[in-house]
Amino acid sequence: MDLNERPVHELLELLAQGAIRLEEVLADLEAAIRARDQEVHAYLALAEQEELLRDAYAKSQTLLRGLPIAVKGNICTLEFPTTCGSRLLEQYRSPYEATAVRRWKEAGGTVGGITNLDEFAMGSSTEHSAFGPTRNPWDLGRVPGGSSGGSAAAVAAGTALAALGSDTGGSVRQPAALCGVVGLRPTYGLVSRFGLVSFASSLDIIGTLTRDVRDAALLLSIIAGGDPQDSTSLPVPVQDYTSQLRPDIRGLTVGVPKEYVPGQLGAEALALVDRWKAVVEELGGRVEEITLPLTEYALPTYYLVASAEASANLARYDGVRYTLRGVGRGAAEMIAASRTLGFGPEVKRRIMLGTYALSAGFFARYYGKAQKVRTLIAQEFTQAFTRVDFILGATAPSPAFRVGEKVDPLAMYLSDIFTLPSALAALPAVSIPGGKVGGLPFGLQLIGPRLSEARLLSWALALEEALS
Ligand code: GLN
């Protein structure tokens, strides 16, 4: 029956009506995983089918009726190792689970498996995983994007109903765009970071990868809300985003920044952006061309801020408290050996860049300057939102690229030029399927003001309905 291809909200309805049974959903999912995951490699670990079934029975009367989601490999669970896609944490088991996971389980959901990612979420293709790359289900020669590539690919391949990911500079939205699914990055602080392994703490947030916008609202309603265990979480009460969905953009002004239109992609992509604008007008919205001139500074700003924070956060991996330990005479040598063995090249690059940017004498010139530019970028958005209700553009500058194509780090970093600015500004943004370019999925990104999730998802739903 291909129940694995249905959105969660639809399955919940069918289950409530008694039209399907949970065993059927789990059986379809398992069959899809058997048929596809060998080649896609979205998963690092999978739950036993019997266990899922047993859990599901126990939870059949709950809100989520025992439905499983996939969880990115940098989000702690009690059931699986939390490897972060790194050799260093290959055997690491967390003694606690992430708040988002705990809330999903308390609402009656289960965890179906752990998904692949770029090591410590650093990357845009999932090629930087120590456990091998994930492939794009649309074309196995291409990447799924990253760093939540496993989560996006699993939803796209029908091997997960929905998934959690993390977005520091684009890692939920860009893979969603490249895999043709919906990716939501909530406002910074709206979802607790407790149990999300830290990369860049001022930017990290857990987001969702789902088959449609309604599921994004459903998942967010469950995982969002203040958490005493994360002092950066916002004291926002739990809300039902689903009941607030109003797919109506009549009378709204939609800003399309000229910087977010991927001109280099040629006529097909430009025609697609024109189609998006036409759809906005057909739905009764007004399109305004805007400009966000600081967009070009987002990439250097992000790589200074994120790498600086990463260098501090990753200092805890000393070979003593976590799994992998190198050999050396004395503590310093042992720590160096552990880190040399455990970290991959991209993680080492970030640690070196970040340590340099924070070092005495360079702090003001690099990290301090980047913080100032970050503030200016945030102000530029605040300014824009005095004139427009939300911002619309491409999620990524290109559709899925080939495995092995981007060897130059800068070329890889450029995959995130449209997702970095809003991350720096702590804004919520969602990527929905916007059509095809070169036969591959191409994402449409909507960015809204802080804590505008209920409206942002409503606008996204209106566009999703009109575009599909
Ligand atoms: N691709 C960006 C990076 O490599 C963003 C990663 C992320 O959002 N986790 O840092």
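In this text, all values refer to a predicted model and were calculated from it rather than measured experimentally.

*Asks:* Is there a simple way to think about the nonpolar core in this case?
*Replies:* Nonpolar side chains in soluble globular proteins tend to end up buried together. Ranked by size, the top nonpolar core spans 132 residues in total, and within it Phe120, Leu164, Phe381 and Leu446 carry the most contacts. Counting residues per element, this core draws most heavily on helix H15 (residues 453–467), at 9 residues. Beyond its immediate chain neighbours, meaning those up to four positions away, Leu446 contacts Phe390, Ile391, Leu392, Pro428, Ala429, Val430, Leu456, Trp459, Ala460 and Leu463. Core analysis: the second largest hydrophobic core is formed by 17 residues, Ile33, Val40, Tyr43 and Ala163 among them.

*Asks:* Is there a simple way to think about the site of the ligand in this case?
*Replies:* The environment of the ligand is formed by 15 residues, the closest being Gly169, Ser171, Tyr302, Arg350 and Asp416. Interatomic distance of 2.6 Å between a backbone N/O atom of Gly169 and an oxygen atom of the ligand. Between the ligand and Tyr302, the relevant distance is 2.6 Å, taken from an oxygen atom to a side-chain nitrogen or oxygen of the residue. Notes on the ligand: free accessible area 290 Å², of which the protein chains cover 100%.

*Asks:* In this structure, what is going on with the packing of aromatic side chains? I would like to understand it.
*Replies:* Two numbers describe a pair of aromatic rings. These are the distance of the centres and the angle of the planes. On inspection of all chains with the given rule, the structure shows 16 aromatic pairs. On the numbers, 5.9 Å between centres and 70° between planes, the contact of Phe120 with Phe343 is edge-to-face. Pair noted here: Phe120 is in the loop between strand S3 (110–115) and helix H5 (149–157) and Phe343 is in the loop between helix H10 (330–342) and helix H11 (345–358), with a separation of 223 residues, a long-range link. In this structure Phe120 comes out as buried when scored by relative accessible area, which is 3%. What makes Phe343 buried here is its relative accessible area of 5%. Pairing Tyr302 with Tyr303 gives two aromatic rings, centres 4.8 Å apart and planes at 85°, and the pair type is edge-to-face. Tyr303 carries the same exposure label as Tyr302, and that label is buried. Members of the aromatic cluster, joined through ring pairs, are Tyr92, Phe120, Tyr317, Tyr322 and Phe343. For the cation-ring pair, Lys406 lies above Phe401, with the distance from its terminal atom to the ring centre recorded as 4.6 Å.

*Asks:* Quick question: what am I supposed to make of the pairing of strand S6 (residues 205–210) here?
*Replies:* Most of S6 is tucked away: 6 of the 6 residues are buried. Relative to S6, strand S4 (residues 162–167) runs antiparallel, the two being bridged by 6 bridges. Paired with Ser166 across the two strands is Ile206, which belongs to S6. Of the strand pairs in this sheet, strand S5 (residues 182–185) and S6 are connected by 3 bridges, and their pairing is antiparallel. Among the inter-strand pairings, Val182 is bridged to a residue of S6, identified as Thr210.

*Asks:* Even after reading the chapter, I still don't get the sheet that holds strand S7 (residues 253–257), so can you show me in this structure?
*Replies:* Consider a sheet: its strands pair through backbone hydrogen bonds, and that pairing is either parallel or antiparallel. Strand order in the open sheet made by the 11 strands is S1-S3-S2-S4-S6-S5-S10-S11-S9-S7-S8, with mixed pairing throughout. Each edge of the open sheet carries a strand with a single partner, namely strand S1 (43–46) and strand S8 (286–290). The sheet shows a mean angle of 30° between the axes of neighbouring strands, taken without regard to direction. Pairing of S5 with strand S10 (residues 429–437) involves 3 bridges; the strand directions are antiparallel. Following the sheet pairing, Gly183 is matched in S10 by Ser431. Against the sheet, helix H7 (residues 213–223) makes contact with strand S2 (68–72), S4, S5, S6 and S10, and its axis sits at roughly 145° relative to S6, the strand it touches most. Against the sheet, H15 touches S5, strand S9 (390–394), S10 and strand S11 (440–447), its axis set at about 15° to S10.

*Asks:* Could you clarify how one ought to interpret the packing of helix H9 (residues 295–313) against H11 in this entry?
*Replies:* Geometrically, a packed helix pair is captured by the angle between its two axes and the distance between the axes. The geometry of H9 relative to H11 is characterised by a closest axis approach of 7 Å and an angle of 100° between their N-to-C directions. Considering their axes alone, H9 and H11 lie roughly perpendicular with respect to each other. Between H9 and H11, the residues in contact are Tyr303, Leu304, Ser307, Ala308 and Ser311 and Arg350, Ile351, Leu353, Gly354, Thr355, Ala357 and Leu358, respectively. Grouping the amino acids of the contact of H9 with H11 by side-chain chemistry returns 7 nonpolar, 4 polar and 1 charged.

*Asks:* Before we go on, may I ask you to explain helix H12 (residues 364–384) in this structure?
*Replies:* Each α-helix turn comprises 3.6 residues. Residues three or four places apart therefore point the same way. The terminal C-alpha atoms of H12 lie 29 Å apart, and with 21 residues this matches the ideal 30 Å at 1.5 Å per residue to within 8%. Those residues of H12 that sit buried are Tyr367, Gly368, Ala370, Val373, Arg374, Ile377, Glu380, Phe381 and Ala384. Those residues of H12 hidden inside the fold are in contact with S8, H9, H11, S9, helix H14 (420–424) and S11.

*Asks:* Would you take a moment to explain H5 for this structure?
*Replies:* Of all the 9 residues making up H5, 8 are buried; the element is thus mostly covered by neighbouring parts of the structure. Turning to H5, its buried residues are Gly149, Gly150, Ser151, Ala152, Ala153, Ala154, Val155 and Ala157. Gly158 sits one or two positions beyond H5 and adopts a positive phi of about 75°.

*Asks:* Would you explain the pattern of salt bridges in this entry?
*Replies:* Pairs may arise between side chains of opposite charge once their charged atoms sit close together. A full pass over the atoms with the stated rule returns 21 salt bridges. Residue Arg21 pairs with Glu23 through a salt bridge whose shortest N-O separation is 3.1 Å. Asp167 is the partner of Arg173 in a salt bridge, and the nearest nitrogen-oxygen pair spans 2.9 Å. For the residue pair Arg173 and Asp167, the accessibility class agrees, reading buried in each case.

*Asks:* I tried to follow the confidence of the model for the protein on my own but got confused; where do I start?
*Replies:* Caution applies to low-pLDDT parts of the model: their predicted coordinates are not meant to be read in detail. Of the residues in the protein, 100% reach a pLDDT of 70 or more, and the chain-wide mean stands at 96. Per-element confidence in the protein is highest for S5, whose mean pLDDT is 99, and lowest for helix H3 (residues 49–58), whose mean pLDDT is 90.

*Asks:* Hey, could you run me through unusual backbone geometry in this one?
*Replies:* A negative phi angle is the norm for most residues apart from glycine, just as the trans form is the norm for most peptide bonds. Along the chain, Gly146 connects to Ser147 via a cis peptide bond; the corresponding omega equals 5°. Within the element layout of this structure, Ser147 appears in the loop between S3 and H5. A positive phi angle is found at His41, which is not glycine, with a value near 55°. Structurally, His41 can be placed in the loop between helix H2 (22–40) and S1.

The rules behind the values
For every chain, the first residue of the written sequence is number 1, and numbering continues from 1 onward in sequence order. Predicted model: local features are reported for residues with pLDDT of at least 70 only, side-chain atom pairs are reported and counted for 80 or more only, and whole-chain, interface and lining totals are derived from all residues. Excluding hydrogens and water, the side-chain values take into account all heavy atoms of the structure. In these notes, a set of buried Ala, Val, Leu, Ile, Met, Phe, Trp, Tyr and Cys residues joined through side-chain atoms within 4.5 Å is what counts as a nonpolar core. Residue burial is assigned from relative accessible area. The probe radius is 1.4 Å, only protein chains are included, and a residue is buried under 20% of its type maximum, exposed over 50%, and partly exposed in between. Think of it this way: any DSSP run of H or I at least four residues long counts as a helix, any run of E at least two long counts as a strand, and we number them from the N terminus. Contact definition: two residues touch when any of their heavy atoms are within 4.5 Å. Residues are classed as near a molecule or strand on a simple rule: at least one heavy atom within 4 Å of it. Here a polar contact is taken to be a pair of N or O atoms separated by no more than 3.5 Å, where protein atoms must pair a possible hydrogen donor with a possible acceptor and residues adjacent in sequence count only if both atoms sit in side chains. Where accessible areas are quoted, they stem from the Shrake-Rupley method and a 1.4 Å probe; at the residue level, only the protein chains shown are allowed to cover. Pairing of aromatic rings covers Phe, Tyr and the six-membered ring of Trp, with a centre-to-centre limit of 6.5 Å; geometry is then stacked below 30 degrees between planes, edge-to-face above 60, and tilted otherwise. Cation placement over rings: the criterion is NZ of Lys or CZ of Arg within 6 Å of the ring centroid and within 35° of the ring normal. A pair of strands is treated as paired once DSSP finds two or more bridges between them. Here, axes are lines fitted to C-alpha atoms. For helices the fit covers the stretch in contact, and angles between N-to-C directions go from 0 to 180 degrees. For classification, angles of less than 35 degrees are called roughly parallel, those exceeding 145 degrees roughly antiparallel, those between 65 and 115 degrees roughly perpendicular, and all remaining angles oblique. Three residue categories are used. Nonpolar comprises Ala, Val, Leu, Ile, Met, Phe, Trp, Tyr, Cys and Pro, charged comprises Asp, Glu, Lys and Arg, and polar comprises the others, including Gly. Here the expected length of a helix is defined as 1.5 Å per residue gap, with one fewer gap than residues. For this document, the term salt bridge refers to a Lys or Arg side-chain nitrogen within 4 Å of an Asp or Glu carboxyl oxygen. Confidence scores per residue from the predictor, reported as pLDDT, run from 0 to 100.

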